[in-house]
Number of protein chains: 6
Amino acid sequence: MPDAARPARLNLPFVGICTFGKFPYIADWDRIEADVAVMGAPFDCGAQYRSGARMGPRGIREASTLFSFGLGGAYDFEDDITYLDPAKVRIVDIGDADIIHTDTAQSHANIAYGVRKILEAGAVPVVLGGDHSVNIPCIDAFEGQEPIHIVQIDAHLDFVDERHGVRFGHGNPMRRAAEKPYVTGLTQIGIRNVSSTARDGYEAARRMGADILSVRQFRKLGVEGVLARIPDGVRYYLTIDIDGFDPSIAPGTGTPSHGGFGYYEMLELIDGLARKGPVVGLDLVEVAPDYDHTGTTQTLAAQVLLNAIGRILHHR
Amino acid sequence: MPDAARPARLNLPFVGICTFGKFPYIADWDRIEADVAVMGAPFDCGAQYRSGARMGPRGIREASTLFSFGLGGAYDFEDDITYLDPAKVRIVDIGDADIIHTDTAQSHANIAYGVRKILEAGAVPVVLGGDHSVNIPCIDAFEGQEPIHIVQIDAHLDFVDERHGVRFGHGNPMRRAAEKPYVTGLTQIGIRNVSSTARDGYEAARRMGADILSVRQFRKLGVEGVLARIPDGVRYYLTIDIDGFDPSIAPGTGTPSHGGFGYYEMLELIDGLARKGPVVGLDLVEVAPDYDHTGTTQTLAAQVLLNAIGRILHHR
Amino acid sequence: MPDAARPARLNLPFVGICTFGKFPYIADWDRIEADVAVMGAPFDCGAQYRSGARMGPRGIREASTLFSFGLGGAYDFEDDITYLDPAKVRIVDIGDADIIHTDTAQSHANIAYGVRKILEAGAVPVVLGGDHSVNIPCIDAFEGQEPIHIVQIDAHLDFVDERHGVRFGHGNPMRRAAEKPYVTGLTQIGIRNVSSTARDGYEAARRMGADILSVRQFRKLGVEGVLARIPDGVRYYLTIDIDGFDPSIAPGTGTPSHGGFGYYEMLELIDGLARKGPVVGLDLVEVAPDYDHTGTTQTLAAQVLLNAIGRILHHR
Amino acid sequence: MPDAARPARLNLPFVGICTFGKFPYIADWDRIEADVAVMGAPFDCGAQYRSGARMGPRGIREASTLFSFGLGGAYDFEDDITYLDPAKVRIVDIGDADIIHTDTAQSHANIAYGVRKILEAGAVPVVLGGDHSVNIPCIDAFEGQEPIHIVQIDAHLDFVDERHGVRFGHGNPMRRAAEKPYVTGLTQIGIRNVSSTARDGYEAARRMGADILSVRQFRKLGVEGVLARIPDGVRYYLTIDIDGFDPSIAPGTGTPSHGGFGYYEMLELIDGLARKGPVVGLDLVEVAPDYDHTGTTQTLAAQVLLNAIGRILHHR
Amino acid sequence: MPDAARPARLNLPFVGICTFGKFPYIADWDRIEADVAVMGAPFDCGAQYRSGARMGPRGIREASTLFSFGLGGAYDFEDDITYLDPAKVRIVDIGDADIIHTDTAQSHANIAYGVRKILEAGAVPVVLGGDHSVNIPCIDAFEGQEPIHIVQIDAHLDFVDERHGVRFGHGNPMRRAAEKPYVTGLTQIGIRNVSSTARDGYEAARRMGADILSVRQFRKLGVEGVLARIPDGVRYYLTIDIDGFDPSIAPGTGTPSHGGFGYYEMLELIDGLARKGPVVGLDLVEVAPDYDHTGTTQTLAAQVLLNAIGRILHHR
Amino acid sequence: MPDAARPARLNLPFVGICTFGKFPYIADWDRIEADVAVMGAPFDCGAQYRSGARMGPRGIREASTLFSFGLGGAYDFEDDITYLDPAKVRIVDIGDADIIHTDTAQSHANIAYGVRKILEAGAVPVVLGGDHSVNIPCIDAFEGQEPIHIVQIDAHLDFVDERHGVRFGHGNPMRRAAEKPYVTGLTQIGIRNVSSTARDGYEAARRMGADILSVRQFRKLGVEGVLARIPDGVRYYLTIDIDGFDPSIAPGTGTPSHGGFGYYEMLELIDGLARKGPVVGLDLVEVAPDYDHTGTTQTLAAQVLLNAIGRILHHR
């Protein structure tokens, strides 16, 4: 929380209240004035293995303070660009959607409400999960907006239609998204891992407009090759399941899968996507701090998000 | 899993598959032949703070193997009694109720189904939580049985009627129980902690037949004094929230509260209850292994359960 | 952070930004309007063994959200009192004092500045450490105020005058306090542990007005007996080193010492002190979350603080 | 434990008893009817640095449940193959060999007994360590079988003949194997780390038929190049020391060594080996869950084993 | 390691090499000149459940540095005595006995060798385990000395004669001791826990001269009452299994058992024993740092040992 | 601590006192006779985010014992060289510099004193941090020596001149070094991470003689290309911030940054540097064991240091 009254503060990362990136907290959702608004969606009852992603927003906010030091923006000497220049962009943290334990439908509705408030304010929503089911209300909130193409970074296809009556768990979001008329296609990147989905799931996804790439296929194509397969001239919604990254840098997640991406692969993909067209929404899900003893995963999430936001705003 | 074919095995605690106490696993719920049947209820979407109790049954089973060593029963030199004598009692583990993520109602129904199967087999059900909401289907399953008096060990009153539509979360079970015609009363022991329930909750509980005792009130009365307040001549159902114990020995739980019970206080209460009348059902809930780095909490749960089962069967 | 615009939120403990007890954050230190103002002092360079207390304020704030649930105040059924009734008391979190790494003097000056701002606003300062050296600027800030008597809960005497030039480390605060003309005396409770201070330290403390009690002496006297030794008719400043508590409930601290207090002993002492006279300032120090894997210590700190604040405000 | 009586169960990974991959448990070692039989060998007294590998089998079994979800086999969309199709292959878990504390010889004998039982049943033995010394009785059990060529994945050569009388510790297994007349050769892959073995150990290994490759040599050759150096037309026994992998993905082991393999390198090597000829036995050792706080290592072990078993059975 | 050449050092606890209490290291076992000599016995292959006690000596040494601060001895203000006055007593650390993995007999022989060296030097041996089996060679080393009476603090009786050929594991030491002609009796304190030993073990122990007391029996008798049952006019050997203490303060151990002792109970017992007669040897075993995330257990071990040594030397 | 009196000891890694690499401890700093002298600098009050690096020297020493096994030197089969041959090189551990809590200037002065003592003895100083500010006194100690060129491995530029009066924190060392007349230049390798330094810091660094390379620039150039940019014919001082490595292998540090180096990249760089010219000093900083639950980071530090020392001595 920047403090205009005390401009002279050194404000080391470990000092002060943890909002995302120490950006201002906006309690009144009718007064969001920002380019980007960050909201937590601490719901984890959609998880099929380890729970704990409900603490994701808190973990990511804490880690993000490391990168908040010095509010004159973020200078990247490789790009020779200062991202997140406070004179040019305004980022706010609006807190969390209200979660109702035992009630998936109402929790999801509350998440959708928050995203809609951000969209109404003309800001780009950045949602901190929570398990991947929180992507469902995020996409719901885009109803009535211009069409979007979804770019998913994930170890799992998340394309199950229904199993035992479950349609809104963390194995279902991409199927739910593909059903939307305003979702024009999906690019699913990082998919791997024996047994995450049966063959018919892959077939259905492809039929419904998905381009599916494994980590090794991504590497063979290269970042440019992958970007070339993503349609031009559309608006992108980016959904990042932290388990798309390798367990070596993202151990703190519910359903880890070895063989995932390294940091630069995704940084370069996101940078390329931001250059290619507008990224109009973003969620990062499945960070489970209880399994992240060293904080590596939440640090990764914060570092990816701040870089992504910086690039999305710089290149738009 | 005892192995009749290899009687000569030393079978150290860390060796072999983790069923509860290494008692036999019964996969076919139509063939439960036992005095006590243990079932897991790994549901944690009723939790209001930290999740993770879904891993409780696995944690308790692992810890219980420490006490499984030597299958000639459990000799207690203070009582000079050998409890759990395999020649006299039969205990089985029937695995877990089927949990449906995102679906509280169906998950609870599946738990109730398992408890009913145990009751139909004439065995005493011992249910491993999961959060305290799993007590709701446990009590549901006693519908049609002889009346029961509930003895609850807990830091929290769990007597909320409804909040934001939630009636089946881990703050509601004692209210739900009190509504049942076959629940004749409640004794709620260990209740403490500023702000867990508002004053009207206490008033409602007392009106609906509850006797509420704090830890300090328990200590002033002594075990005998507390037992004297519990009605005679009835059947008891015992529900143990591990947070009734002190965080010093039960840190691994979702909503810890300082100032809880020590081990012997509860051992002696349970022993006294078992002597006083039949304990016809038992659940132990809210063990969250992710917060139990040293295993202390799951060891406590296993130690309490094995002692409780031993005493319930010996004194009946 | 309560959110007047959305009164209908369930606002579970794990939801939302972590201010202390989810009380409002006041960024402008010239506009503190409150009965109690909480400030963090995340300084740990005064520690002689394990560092990490700089993360104490964050840890305590996170844990305090567990007890924030339901903002209608905190009903204690044992006392039959609702503490912290929002209609009657106003509590705010003003964030942290600015800490300057490598610079003890400036960091301490910044802490004193914050406490003075709180005192100027007529609020009771509640400071979250940091190591025990942060007590030094807290007491400094009372310069010019009415005299105070210090009640210290601690395993260590903290009465070293100077060693190797060090006068402002975590072994020195009570000596620094005793030197102040406006400190009329000290009651030092819980002192124990071979080798923490040499004999001359004890002699100096007694000479300068200290009444020193070990844990076992406290237990022999009882709470009432201890309270009787504390002077009447004066204003109290309470400094709580979390290592005054037993390592079983407060493992997450830099210099743990076995044989400390239980929860109720201190709750009852604080309650008695609040009834005896005004508590005009309070610090709780030495919580080191990195050594508190289960969160037990920060939960204790939050639970003690919320209870202390409730009683201080209720009984004044 | 699959449960034919309740086919409709969702059976989420965290639900139910932990056998390996939730495959059926066979208690009677005279009735093993399977293509692959998994046995634990929880012995860790052969370790020279950190102990704890005795908990390896439990850790791997727990992690393997993540990959057990959906028992229709494991579809790999990169290969477009469904491995582990239950209609085609039968896998069982026979529990653990009986370990006798303080007695290396008897513990090893009991491990050899279990492997022999599996071989007699015509199944492929898959042994979960335990420290690498458990490989010694595994190879002993192949006495009287057709010859085998050993492929070892490991950071260490494990080729010490004798030191201080020790011949059956975790530094000795490859030497013991090389002495067997039915072991026709060794391919030792991943060997690195200053000071693990003196020069004479390398010379002896080469003299006795070993082909030794470091991680960097492996990378220079490529998977195909390495496979080409492994003899054709023989039966393979694969022994995987988890420390052959990099500490970034396998921190939970007794003697970690930086600079190890990534996931895909080994997956592709194992796939290639399975295509090249029959893999008639397999052990995976040195997983120490106590050092694996996030579960990354045991997840890796489970993921590698399920993929290896799938490929061994598919390509045979 | 005190450093005479640099007397002016502040020497904070976290600074410098970890010998026990930062006392001098003596590498040459033929030149032990001391009142007390500390030796590590890092053997853990006698453990029946969790291993890891091999790291006990390292953990205890690290923790002991906290209490080493200020080398002018340890002033206890409750007793008004300065223990461990360097002008009066000399304590050394001789490092560890040589452990041979896989070889219990040789490891035990090496431990006995070290203890004999200490006894030959006329010093009191203080041995840091390792599992409780290391007590066996400790007692062996007293062969040829004056008789001793053993006082054991432990949750378990450790009186198994033989099982599956095992006679020198951590379940056997008291039986082995009782067989020695120079062991005149045993007082076994803290014994509890269903199933640790069968009834015949208790009968054998009593027959062979043991006085067995549970925690609750100890509390009924009081410290003085317990001391009165220990024979007068004999030499004492004290063996402390850390699991005699409660898991709340000693979670880091292989076979924890709830319901154990608090810190002062044992401090007072040890103090009383030291006043009653000479304590000629001491071991403290079963500290397993891998399960001691906060360091609580190793801190307890160090605090108990330094207090015990101080009192043994002061009262002799 | 090698023990000449007992040459026959097996001396497993977990046995004995932890000096660095179990090399001899030299308490008298006027009698350092060695090729390399290792000293700890456990100071962490220069850290801007997480503290805990004060425990770095202890953590690295413990981990180094893993690589100490077998004192016949370290045979590297890839190089076919035996490094660290005890017949050819002498390495000692001189313990730690004296740290004065709250006093940065005096702590730094004490570190400089120790390094000067090593230089006076003609040995190469190897300093174990502590935070990166300890590099400042290390470089100070080279005053009056022949000029040095600094090679820095780090995620951060550490080139801040002054902020809020801080000139000697962990963000300042390279600026302080560049100001020295005897520092002829800097090569800064691994620099990355948005927001670590503002643009003017980079400009100042380049102006003052720095060659700055990111991880990706390093990879494009290759090890040989990078070595070619480092000046020839000069003496090198190597400063390794462990956060130059990737968080996947170095999570235990105060300010982690994703996208860092792998193990072999740095091993090969260090090997090349040692071949290129004399490395006359070395520090490795920012290992924070409290965040290194699995020990991975301290193992990396120990492995890098032992390899670096071996190569520096072999190639000189």
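Residues numbered from 1 in each chain as written. Chains lettered and ligands numbered in written order. Predicted model: local features only at pLDDT ≥ 70, side-chain atom pairs only at ≥ 80, totals over all residues. Heavy atoms only, no water.

Identification of chain A as Agmatinase from Oceaniovalibus guishaninsula JLT2003 is taken from an unreviewed UniProt entry. Recorded in UniProt for chain A, the comment headed Sequence similarities (unreviewed entry) runs: "Belongs to the arginase family. Agmatinase subfamily." (UniProt positions renumbered as here; feature names shortened; annotations may be inferred.)

(A) Structural detail: the overall build of chain A. Secondary structure summary: chain A contains 8 helices and 10 strands in total. Taken over the C-alpha trace, chain A has a radius of gyration of 18 Å; the compact-globule value for 316 residues is 20 Å, and the two agree within 12%. In terms of principal-axis extent, the alpha carbons of chain A reach across some 60 × 45 × 40 Å. Counting the 316 residues in chain A, one finds 75% classified as buried. When the accessible surface of chain A is totalled, it reaches about 8,800 Å², and 49% of it is carbon and sulfur. A gap of 2 Å separates the mean positions of the 30 positive and 41 negative side-chain charges of chain A. (Helix = DSSP H or I, 4+ residues; strand = E, 2+ residues; numbered from the N terminus. Rg over C-alpha atoms; globule rule 2.2 N^0.38 Å. Buried < 20%, exposed > 50% of the residue type's maximum accessible area, 1.4 Å probe, protein only. Areas by Shrake-Rupley, 256 points an atom, 1.4 Å probe, with all protein chains shown as cover. Lys, Arg positive; Asp, Glu negative; His and termini not counted. Charge placed at Lys NZ, Arg CZ, Asp CG, Glu CD.)

(B) Summary view of unusual backbone geometry. Going from G129 of chain C to G130 of chain C, the amide bond is cis rather than trans, its omega being 15 degrees. Relative to the helices and strands, G130 of chain C is located in the loop between β5 (124-129) and α3 (135-140). Despite not being glycine, D80 of chain D shows a phi value in the positive range, around 55 degrees. Judged by relative accessible area, D80 of chain D falls into the partly exposed class, the value being 43%. At L84 of chain E, a position not held by glycine, the phi torsion is positive, near 55 degrees. Mapped onto the elements, L84 of chain E comes out in the loop between β3 (81-83) and β4 (91-96).

(C) Representation of the relation of the copies chain F and chain A. Of the transformation superimposing chain F on chain A, the axial component is 0.0 Å and the angular component is 120 degrees, with the fit at an RMSD of 0.0 Å. Expressed as an axis order, the relation between the two copies is that of a three-fold axis. Scanning chain F for the C-alpha nearest the rotation axis identifies S248 of chain F, at a separation of 2.8 Å. Little of the interface of chain F is mirrored in chain A, where only 6% of its interface residues again form contacts. (Least-squares fit on C-alpha atoms with pLDDT ≥ 70 in both. Contact = heavy atoms within 4.5 Å.)

(D) Structural detail: helix α2 (residues 104-120) of chain A. All names here are of chain A. Its 17 residues place the ends of α2 24 Å apart at the C-alpha level, agreeing with the 24 Å of an ideal helix rising 1.5 Å per residue. Buried residues along α2 sit against β1 (36-41), β4 (91-96), β5 (124-129) and α3 (135-140). The N-terminus of α2 is capped by D103, whose side-chain oxygen sits 3.3 Å from the backbone nitrogen of A105. Trailing α2 by a residue or two, G122 shows a phi angle of about 80 degrees, which is positive. (Expected span 1.5 Å × (residues − 1). Polar contact = N/O pair within 3.5 Å; in protein donor to acceptor, adjacent residues only side chain to side chain.)

(E) Spotlight on the packing of helix α1 (residues 56-64) of chain C against helix α8 (residues 296-315) of chain C. Residues and elements named next belong to chain C. Where α1 meets α8, the closest approach of the two axes is 8 Å, and the angle between their N-to-C directions is 70 degrees. Classified by the angle their axes make, α1 and α8 are roughly perpendicular. Handedness of the α1/α8 crossing: right-handed. Contact residues: α1 offers G59, I60, E62, A63 and S64, while α8 offers Q298, T299, A301, A302, L305 and L306. Across the contact of α1 with α8, the residue classes tally to 6 nonpolar, 4 polar and 1 charged. (Axes fitted to C-alpha atoms, helices over the stretch in contact; angles between N-to-C directions. Parallel < 35°, antiparallel > 145°, perpendicular 65-115°, else oblique. Left-handed = near helix turned anticlockwise from the far one by under 90°. Nonpolar A, V, L, I, M, F, W, Y, C, P; charged D, E, K, R; others polar.)

(F) Spotlight on the side chain of N135 of chain F. Residue and element names in this part refer to chain F. By secondary structure assignment, the location of N135 is in helix α3 (residues 135-140). Residue classification places N135 among the buried residues on the basis of a relative accessible area of 0%. Those residues within four positions of N135 in sequence are excluded, and the remaining contacts are P173, M174, Y237, T239 and D283.

(G) How the structure looks around the sheet that holds strand β7 (residues 183-189) of chain C. Residue and element names in this part refer to chain C. Taken together, 8 strands build an open sheet; the order of strands is β4-β1-β5-β10-β9-β6-β7-β8 and the sheet is parallel. Since the sheet does not close on itself, it has two edges, and those belong to β4 (91-96) and β8 (210-213), each with one partner. With strand direction ignored, the average angle separating the axes of adjacent strands in the sheet is 15 degrees. Pairing of strand β1 (residues 36-41) with β4, which is carried by 4 bridges, proceeds in the parallel orientation. Bridge pairing in β4 places V38 opposite D93. Taken strand by strand, helix α6 (residues 215-229) contacts β7 and β8, and its axis lies near 135 degrees from that of β8. (Pairing = 2+ DSSP bridges.)

(H) Fine view of the interface of chain C and chain A. Every contact between the two is made by 35 residues of chain C and, on the other side, 35 residues of chain A. Carbon and sulfur atoms make up 59% of the surface buried where chain C meets chain A, a total of about 3,000 Å² over both sides. Together, F14, I17 and R58 of chain C form the three largest contributors to the area buried by chain C at its contact with chain A, with a combined 26%. Joining chain C to chain A, the criterion identifies 3 salt bridges. With a closest N to O distance of 2.7 Å, E62 of chain A and R58 of chain C form a salt bridge. At the junction of chain C and chain A, the tally comes to 16 residue pairs in polar contact (both at pLDDT 80 or more). (Buried area = accessible area lost by both parts, 1.4 Å probe. Salt bridge = Lys/Arg side-chain N within 4 Å of Asp/Glu carboxyl O.)

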